[in-house]
Structure formats: C-alpha cells, structure tokens
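The chain contents come next:
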Amino acid sequence: MKKVYLDNAATTPVDPEVLKAMLPYLKGSFGNPSSVHSWGQQARRAIEKARDQVADVLGTKSRRILFTSGATESINFAHKGLIEAIIRKDKRLKPHIITSSIEHKAVLETCQHLEKKGLVEVTYLPVDKKSLIEIEELEKAIRPETVLVSLIYVNNEVGTIQPIKEIGQRLAEISRKRKKKIYFHTDATQAVQYLDCRVGWLGVDLLSLSGHKLYAPKGVGALYIRQGTSLIRQQDGGGQEHRLRAGTENVASIVGLGRAMTLVSQHQATNSKKVARLKEKLVKGVLEIPKIELTGHPYQSAPHIASFVVQEAEGEAILLRLSDQGVAASSGSACTSGLLQPSHVLMAMGVPVEKAHGSLRFSLSKNTTQKEVDYLLKVLPGVIKQLRAMAPKGV
Amino acid sequence: MTDFGLYSQKVMDHVRRPRNMGEIKQPDGVATVGNRVCGDIMKLYLRVEKKKGRERVKDIKFQTLGCGAAIATSSMITTMVKGKLLTEAAKITKQAVAEALGGLPASKMHCSLLAAEALKKVIADYHQKNRS
C-alpha cells in the first residue's frame, strides 16, 4: 500500500544526514561532556559545535543557547524561570503575563500553573476569525506589572503566522518609554524550518524550539536567552548548560539538532517555496470537495500547514479511514483529544463546535512530493463521501 | 492529537466494514441519540417480526455521524441484537458492547453508552407505536 505521511507538524522523520552526524556519539564517542579525559573532551567539542550551529541560525552568540529536551521544556523553563527570577528581585510584585488563546498547551498550561500558584496574573488575548492577534489589543492589555509577553510564531494547528517582528519592535519601544522591561518570548517550534528566526530581527528575548519538527530526533530542543535575561533554573543537580539545566547532556541528539538546524537554514528558501507550492495545490484540491472550509489565515500562513473543517464527517473517523488508505493526517476534533474538548485554537477563532468536530489538518515537509498530494486528493473525496453516507440525514 | 492507536482490532474492523449500515424504509421503530454539539449522533431503525406472540428483531440498521468508536459501537450493537428476541435485546448493556469490541479506550466509553441508549430508545419507540 502507498504510504503518505502528511503529519509533519506532529513530528518529522530524522534526516539521514542528521543521523549520520549523530551515530559516532551513539557508538565510540560516548563520553560524558563533563569529563576531563579525551572521551569527555570529544563530547564537549561536539556539543559546543552544535551550539554554534544553532546560534548561527538564530543569529546570536553560542553562549545564548541552552539545550533542553524539547520546546515544552524550553517553554516551561523560560516562563517559570523568568517569573521566579523577577519575584526574587521584587517580592511585592505580582507579575502579569500576556499570552494568546491559541498558544500551544505548553505555554497555556505553564501560565495556568503559575496562575494557580498565585504567582502571576495572565491575560489570554483573543484572536480574530483568521486566528491573528491584534497588536492594539495587546497594547491595551499591558499593565504596569506586565513583565512577559509570550506568543506563538506559527500556530501548530492552523499554521497562522503572528507578526512577531512588529510586536517585538512595539514592545521594545514601550519598554524604553516606561523604563521597565517587558520580556518577549516566542514559541518558534513550527517556524524555524520555514521562517526567519534571527532573534535580533524578531526582537525576542526568549525563543523556544524543538528538534523533532525539523528532522532531528525527539527529545532534544533549545532555548535562546537574550543576554541580561535572568532565569532561575528549574532542574537542579549539576553545573551543566551554564548552570541553568542540570543533567548529563543528550550528546548525540544535540549533535543531531545542530546539524538539522544548519540543514534547514541552508535550504530554507528553496524548501519554503517548494512546500508552499504543494500546499497551494493541496488546499485547492481539498476545497473542491463540497462543504469543506479552510481554517486559519488564507495567506499569512506557514507553508507546511493546511487545516480544514469538514461538515457531516467527524475528524477522527476521517483519520482512521485515511490511515487505511495509507495517509497520515491529524485533527483537532474533540474525539481525538482524549479530553473530549474540541481544539482550543478553533474555539478561540470562533469556529462553531459542530464544525470543529470535523477538523482535519495536513502538514507537509521538504520530503513531500506532488505525487503524494495527488494521491491524497484521489482518496480523500471517497473517504469523506463514505462517512457522509453513513451519517443520519437532516440532523 | 489522536489516540486511535488504542483501538482494538475489532473496533478497527467495524470502522472499516460497518455492519447493518443504512436505513430501513417504514421501520417499526426509529430513534436518534446524541447531537451535533457533543459530536456524535446515532440513529437506529428497527424492524420487528411477531411470531406466536413473540417479538423478534428481524432487521436493524444504523446511521452514525461520529468518531471511530461511535461507528464501531453502533455497528456492533446491531450485530448483537439482530435475530434476538426483543426482550433479550433490551438487556444489552454498554459494557457488553464494549466487551464485544475487545474493549474501548477510557475516553471513548461514552460511545458505547450512546449505542446502548439508542437501542433502548428504538425499542421504546417500537412499543409506543405498537400500543397506539
């Protein structure tokens, strides 16, 4: 059976070149980077090279890059570490965080955690129907106690690109004027592969990313921390990662992340164009099926994510039937969440619950081919037709 | 975003090849449960055969808009009652449906409840129509 993987926003396969770079560190070069001997030195050099590679792509100094287990950890550390550091300096302050209602759960649940502990107050900014936040709304939400703004660069469910650069500039101006810094974090997990993520250009103080969304293995990620941003470490037990994250480094995966970052940056322009072209064909083809709508922004959108709502067919049922045809996709329907709540992103965008049950997301990669998109467009109408035929009429 | 890895082979079999799918023209009983907001809607159509004072499920068909578990539970429950005496059919529980499917993920147990409710409701509809 033909196998077509269109769930690259969930995870990507490891690039053969990435694997090749990693293998020596899973074999002979197994040293602990904290050891003094030659094994240790070799591992240390490999990690520092990877740090250079990540820093290069983000347009910063290696010293500003911290390796983690993935974007979720980066996000947890950035938010909790920053708030703890701020409270330590000013014990009377109850800091205020501004984020959006369409963040990844890593940000939302971290903010909720801090809220529940009574440490912070949080504003969750609404989005419009196309899932964009409004800079005016953001500015209105700023209070004297606002210390952090945290916004997702590319939304993982619908692909919408937020105007991070404009917001970064605006926040810098506001910080200057009021002579009190508002830190700016972005979750760039879905952005790194296709968009400019140079931190100076974006104007961010903290940036989180994951390896497995860009052809590195799962279990590795990074956090950019602008100089002068103090964070209290959340994991104790050793002096690793500039004393900010204890624990023996995941050497091979870090090497893989470094290599993957270099590769995606080298091929960013060509891959973005290629993937965007394929997505255009996919969207056009899918929208030819009756009673399907595109969700997210029609053009201010990452090249690899295409998200829809299908009427009169449920998302998970579509996924199961597609999987039978060899196609992997994803859905934000309540039935796929395990929590029976439809996607908070679609809800925030004002998609009615009835429609959100038919959520369907395809996400492409640099490896996706025209033939694969053609195959999807061949099988999808049948899958949806069969499910619609199964549904009771007129309900 | 999905947990369909947790579905048993039997569930997948019913998702792939639903049994007794469709509608019965002029049924002896019909019932719909669920709604668009909660996500799953099941409709059952019932045909009853009366012989020597005993009522038997001659035919039963379903229509479902919902997830894999909703499809599988409605399909399964039709196979469990077809040919059975109405009194026996009425005794089928949500647990029995889930067990017949080789179990369901915890978050999907409500689907078997929905199927069992649909069955109770369609039998009640038959009785009501028969009385009048």
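Below is a summary of the structure that appears in this document. All figures in this text were calculated on a predicted structure; none of them were measured in a lab. (Residues numbered from 1 in each chain as written. Chains lettered and ligands numbered in written order. Predicted model: local features only at pLDDT ≥ 70, side-chain atom pairs only at ≥ 80, totals over all residues. Heavy atoms only, no water.)

What about the overall build of chain B?
Put simply, the rule is: Numbering goes from the N terminus for both helices and strands, where a helix is a DSSP run of H or I of at least four residues and a strand is a run of E of at least two. Here the globule rule is a power law, 2.2 Å times the number of residues to the power 0.38, and the radius of gyration is based on C-alpha atoms. Buried, partly exposed and exposed residues are distinguished by accessible area as a fraction of the type maximum, computed with a 1.4 Å probe on protein chains only: under 20%, between the cut-offs, and over 50%, respectively. The criterion used for residue contact is that any of the two residues' heavy atoms lie within 4.5 Å. Methods summary: accessible areas were calculated by the Shrake-Rupley approach with a probe of 1.4 Å, and residue burial reflects only the protein chains presented.
Tallying secondary structure elements over chain B gives 5 helices and 3 strands in all. Starting at the N terminus and walking to the C terminus, you meet the elements of chain B as α-β-β-β-α-α-α-α. Relative to the compact-globule value of 14 Å for 132 residues, chain B shows a C-alpha radius of gyration of 14 Å, a close match. On the principal axes, the C-alpha backbone points of chain B span a range of 50 × 30 × 20 Å. Residues classed as buried in chain B amount to 51% of the 132 residues present. Once local pairs closer than 6 in sequence are excluded, the contacts in chain B between residues at least 24 apart make up 62%. Element-wise, carbon and sulfur atoms account for 52% of the exposed surface of chain B, whose accessible area totals about 6200 Å².

Notes on the overall build of chain A
Worth spelling out the cut-off: When charges are counted, neither His nor the chain ends are considered; positive counts come from Lys and Arg and negative counts from Asp and Glu. Where a charge lies is defined by one atom per residue type: Lys uses NZ, Arg uses CZ, Asp uses CG and Glu uses CD.
Counting its regular elements, chain A contains 15 helices and 12 strands. Put simply, of all contacts in chain A between residues at least 6 apart along the chain, 73% involve residues at least 24 apart. Element-wise, carbon and sulfur atoms account for 53% of the exposed surface of chain A, whose accessible area totals about 16600 Å². For chain A, the distance from the average position of its 56 positive side-chain charges to the average position of its 38 negative side-chain charges is 4 Å.

A closer look at the nonpolar core
One broad trend across soluble globular proteins is that nonpolar side chains are buried collectively. All names here are of chain A. Heads up, the condition is: In this text, buried Ala, Val, Leu, Ile, Met, Phe, Trp, Tyr and Cys residues form a nonpolar core when linked through side-chain atoms within 4.5 Å. Start and end points for every domain follow an automatic or database-based domain assignment.
Among the nonpolar cores identified, the biggest contains 137 residues, and Leu58, Leu282, Leu322, Phe362 and Leu380 are the most heavily contacted of them. Looking at which domains feed residues into this core, each of domain 1 (4-12 + 268-389) and domain 2 (16-263) supplies at least three. In this structure, Leu322 is in contact with Val327, Ala329, Leu360, Phe362, Leu376, Val379, Leu380 and Val383, ignoring residues within four places of it in sequence. Phe77, Leu82, Ile83 and Ile86 belong to the second largest nonpolar core, which has 24 residues in total.

Focus: the interface of chain B and chain A
Often the size quoted for an interface is simply the accessible area lost on bringing the parts together. Spelled out, the test is: Here a salt bridge means any side-chain nitrogen of Lys or Arg lying within 4 Å of a carboxyl oxygen belonging to Asp or Glu. Under the rule applied, a polar contact is a pair of N or O atoms within 3.5 Å (in protein, one hydrogen donor and one hydrogen acceptor; residues adjacent in sequence only if both atoms are side-chain atoms).
If you look at the interface, chain B gives 29 residues, while chain A gives 30 residues. Across the chain B-chain A interface, the total number found is 2 salt bridges. Between Arg16 of chain B and Asp324 of chain A there is a salt bridge, with its nearest N and O atoms 2.6 Å apart. One can count 7 residue pairs in polar contact (both at pLDDT 80 or more) joining chain B with chain A. At the level of elements, helix 1 (9-16), strand 2 (41-51), strand 3 (54-65) and helix 2 (68-81) of chain B are the ones that each hand at least two residues to the side of chain B that touches chain A.

Observations concerning the sheet that holds strand 3 of chain B
All names here are of chain B. The line we're drawing: Two strands pair under a simple rule: DSSP has to find at least two bridges between them. Axes here mean lines fitted to C-alpha atoms, for a helix over just the part in contact, with angles spanning 0 to 180 degrees between N-to-C directions.
Across the sheet, which stays open at both edges, the 3 strands sit in the order 1-2-3 with antiparallel pairing between neighbours. Single-partner strands in this sheet number two, and they are strand 1 (29-34) and strand 3. On average, adjacent strands in this sheet sit at an angle of 20° to one another, irrespective of strand direction. Here 6 bridges tie strand 1 to strand 2, and the two strands are oriented antiparallel to one another. Of the residues in strand 2, the one forming a bridge with Val30 is Tyr45. Along the sheet face, helix 2 touches strand 2 and strand 3 and points at about 170° away from the line of strand 3.

Concerning a positive patch on the surface
Residue and element names in this part refer to chain B. Spelled out, the test is: Patch membership requires over 30% relative accessible area and the absence of a salt bridge. Like charges are linked within 9 Å, and nonpolar side chains (Val, Leu, Ile, Met, Phe, Trp, Tyr) within 5 Å.
A grouping of Lys51, Lys52, Arg54, Arg56 and Lys58 is seen on the molecular surface, where their side chains present a positively charged patch. Among the elements that make up the positive patch, the one with the highest residue count is strand 3 (3 residues). Structurally, Arg56 is set in strand 3. Arg56 sits in the partly exposed class, given a relative accessible area of 32%.

Things to note about unusual backbone geometry
Residues and elements named next belong to chain A. If you check the backbone angles, Lys179 has positive phi at about 55° while not being a glycine. By secondary structure assignment, the location of Lys179 is in the loop between helix 6 (164-178) and strand 6 (183-187). Even without being a glycine, Glu312 presents a positive backbone phi close to 65°. Structurally, Glu312 is set in the loop between strand 10 (305-310) and helix 11 (315-324).

Concerning the side chain of Ser331 of chain A
All names here are of chain A. By secondary structure assignment, the location of Ser331 is in the loop between strand 11 (327-328) and helix 12 (334-337). Side-chain polar atoms of Ser331 contact the backbone nitrogen of Ser333, separated by 2.9 Å. Within the structure, the side chain of Ser331 is placed 2.6 Å from the backbone oxygen of Ser359, a separation counted as a polar contact.

Regarding helix 15 (residues 370-390) of chain A
Residues and elements named next belong to chain A. To be explicit about the condition: How far a helix is expected to stretch is found by multiplying one less than its residue total by 1.5 Å. The bend reported for a residue corresponds to the angle between axes fitted to the seven residues ending at that residue and the seven starting there.
Given a rise of 1.5 Å per residue, 21 residues ought to cover 30 Å, and the 31 Å separating the end C-alpha atoms of helix 15 matches this to within 8%. The largest bend along helix 15 measures about 25° and falls at Val379, with the proline Pro381 one to four residues further on. Residues of helix 15 that are buried include every one of Glu372, Val373, Tyr375, Leu376, Val379, Leu380, Val383, Ile384, Leu387, Arg388 and Met390, and no others.

Comments concerning the pairing of strand 3 (residues 96-100) of chain A
All names here are of chain A. Rules: If you view a crossover with the strands going away from you and the path from the first strand over the helix to the second runs clockwise, you call it right-handed.
Counting buried positions over the 5 residues of strand 3 gives 5, a clear majority of the element. Side chains His96, Ile98 and Ser100 project from strand 3 onto one buried face, and the interleaved Ile97 and Thr99 project onto a second face that is buried too. With 5 bridges connecting them, strand 3 and strand 4 (residues 121-125) associate as parallel partners. From the neighbouring strand, Ile97 faces strand 4, where its bridge partner is Val122. Between the parallel elements strand 3 and strand 4, the chain passes through helix 4 (residues 105-116) in a crossover that is right-handed.

A short note on the packing of aromatic side chains
The condition that has to hold: Stacked, tilted and edge-to-face are the three classes applied to pairs of Phe, Tyr and Trp rings, where Trp contributes its six-membered ring and a pair requires centres within 6.5 Å; stacked means planes under 30 degrees apart, edge-to-face means over 60, and tilted covers the rest. Two limits define a charge over a ring: the Lys NZ or Arg CZ must be within 6 Å of the ring centre, and within 35 degrees of the ring normal.
By the definition in use, this model includes 1 aromatic pair over all chains. Directly above the ring of Tyr183 of chain A sits Lys181 of chain A, whose terminal nitrogen or CZ lies 5.6 Å from the centroid.

Section: the packing of helix 10 (residues 268-287) of chain A against helix 15 of chain A
Residue and element names in this part refer to chain A. Heads up, the rule is: Angles are sorted into four bins: roughly parallel if under 35 degrees, roughly antiparallel if over 145, roughly perpendicular if 65 to 115, and oblique for all others.
At a closest axis distance of 10 Å, the pairing of helix 10 and helix 15 adopts a crossing angle of 10°. Accordingly, the angle class assigned to the pair helix 10 and helix 15 is roughly parallel. Contact with helix 10, carried on its side by Leu278, Lys281, Leu282, Gly285 and Val286, involves Gln370, Val373, Leu376, Leu377 and Leu380 of helix 15 and no other residues of that element.

So, the pattern of salt bridges
When the charged atoms of two side chains lie near each other, side chains of opposite charge can form a pair. Residues and elements named next belong to chain A. By the definition in use, this model includes 25 salt bridges over all chains. Two residues, Glu241 and Arg51, come together in a salt bridge whose shortest N-O distance is 2.9 Å. Pair noted here: Glu241 is in helix 8 (residues 240-243) and Arg51 is in helix 2 (residues 38-58), with a separation of 190 residues, a long-range link. Each member of the pair, Glu241 as well as Arg51, is classed as buried. A salt bridge links Lys355 to Glu293; the nearest nitrogen and oxygen atoms lie 2.7 Å apart. Here Lys355 is found in helix 14 (residues 353-356), whereas its partner Glu293 is found in strand 9 (residues 292-295), with 62 residues between them in sequence. With a relative accessible area of 33%, Glu293 lands in the partly exposed category. Three or more residues joined by partner-sharing salt bridges are found here, namely Arg44, Glu48, Arg51, Glu241 and Glu249.

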